[in-house]
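Examining the three-dimensional arrangement
One letter stands for each residue in the lines below.
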Amino acid sequence: MMQEEKPETIPFFKQAIEMVKCIPAGEVTTYGQISLLLSGTVRGARAVGYALAALSEEEGKVVPWWRVVNVRGRISNSNSHHGATRQRALLEDEGIEFGPDECIDLARYGWDGPEGHF
DNA sequence: CTTCTGACTGGGA
DNA sequence: GTCCCAGCCAGAA
């Protein structure tokens, strides 16, 4: 259920989080894709990463932040020592397969955005 | 108001 | 394919 009461009244910070919550299980997306859906430009990818970085543990259970990886199909976590290994386990649990170098096939698991929800 | 940092991306070597 | 450098956006001090 996607509630879009006032998307324009919601700050980019929260918009990115709401978008991540819209990601279906078994699929992954990139920061640039989220920024592209929000503002139409991949330039805000950094802001998206910053938004997820501010997620609390409680939000981390509500927001599938682990389904968000960089455009290379690799995990970028800054707090790797805190959740990189955990993120890989969560993705594998969703059905995502990792390559020899922990690289994900965005061509197969890459989320195209709300297109699949239209 | 200005300044810095940040879970990023793109292009070049 | 990988690695390095520079650029853009948003939020906090």
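Just so we're clear, the structure is a prediction, and the values are computed from it rather than from any experiment. (Residues numbered from 1 in each chain as written. Chains lettered and ligands numbered in written order. Predicted model: local features only at pLDDT ≥ 70, side-chain atom pairs only at ≥ 80, totals over all residues. Heavy atoms only, no water.)

**Some words on the packing of aromatic side chains**
All chains considered together, the criterion is met by 2 aromatic pairs. Between the aromatic rings of F13 and Y50, the centroid separation amounts to 6.4 Å while the plane-to-plane angle is 75 degrees, which identifies the pairing as edge-to-face. Of this pair, F13 sits in helix α1 (residues 12-20) while Y50 sits in helix α3 (residues 45-53), and the two are 37 residues apart along the sequence. Judged by relative accessible area, F13 falls into the partly exposed class, the value being 36%. Arranged with centres 5.9 Å apart and planes meeting at 75 degrees, the rings of W65 and W66 form a pair that is edge-to-face. Looking at W65, the relative accessible area reads 21%, which means it is partly exposed. (Phe/Tyr/Trp six-rings, centres within 6.5 Å; stacked < 30°, edge-to-face > 60°. Helix = DSSP H or I, 4+ residues; strand = E, 2+ residues; numbered from the N terminus. Buried < 20%, exposed > 50% of the residue type's maximum accessible area, 1.4 Å probe, protein only.)

**So, the packing of helix α2 (residues 31-38) against α3**
Put simply, α2 and α3 touch, their axes get as near as 8 Å, and they point 105 degrees apart. Of the possible angle classes, the one that applies to α2 and α3 is roughly perpendicular. Residues Y31, G32, I34 and S35 of α2 form the contact with α3, whose own contacting residues are A45, V48, G49 and L52. (Axes fitted to C-alpha atoms, helices over the stretch in contact; angles between N-to-C directions. Parallel < 35°, antiparallel > 145°, perpendicular 65-115°, else oblique. Contact = heavy atoms within 4.5 Å.)

**What to know about α2**
Buried within α2 we find Y31, G32, I34, S35 and L38. The arc enclosing the buried residues of α2, seen along the axis, measures out at 160 degrees, which places them on a common side. Turning to α2, the residues buried within the fold contact α1, β1 (29-30), α3 and β2 (68-69). With its phi angle positive at about 90 degrees, G40 sits one or two positions after the end of α2. (Arc of directions from axis to C-beta.)

**A closer look at the protein's contact with DNA strand C**
As a structural note, the neighbourhood of DNA strand C is formed by P11, F12, F13, R43, G44, R46, A47, R72 and R74. If you look at DNA strand C and keep only atoms within 4 Å of the protein, 64% of those are sugar or phosphate atoms. In the environment of DNA strand C, a sugar or linking oxygen lies 3.3 Å from a nitrogen or oxygen atom belonging to the backbone of R43. At the level of elements, α1 and α3 are the ones that each hand at least two residues to the surface near DNA strand C. Taken together, the residues of the surface near DNA strand C sort by class into 4 nonpolar, 1 polar and 4 charged. (Near = heavy atom within 4 Å. Polar contact = N/O pair within 3.5 Å; in protein donor to acceptor, adjacent residues only side chain to side chain. Nonpolar A, V, L, I, M, F, W, Y, C, P; charged D, E, K, R; others polar.)

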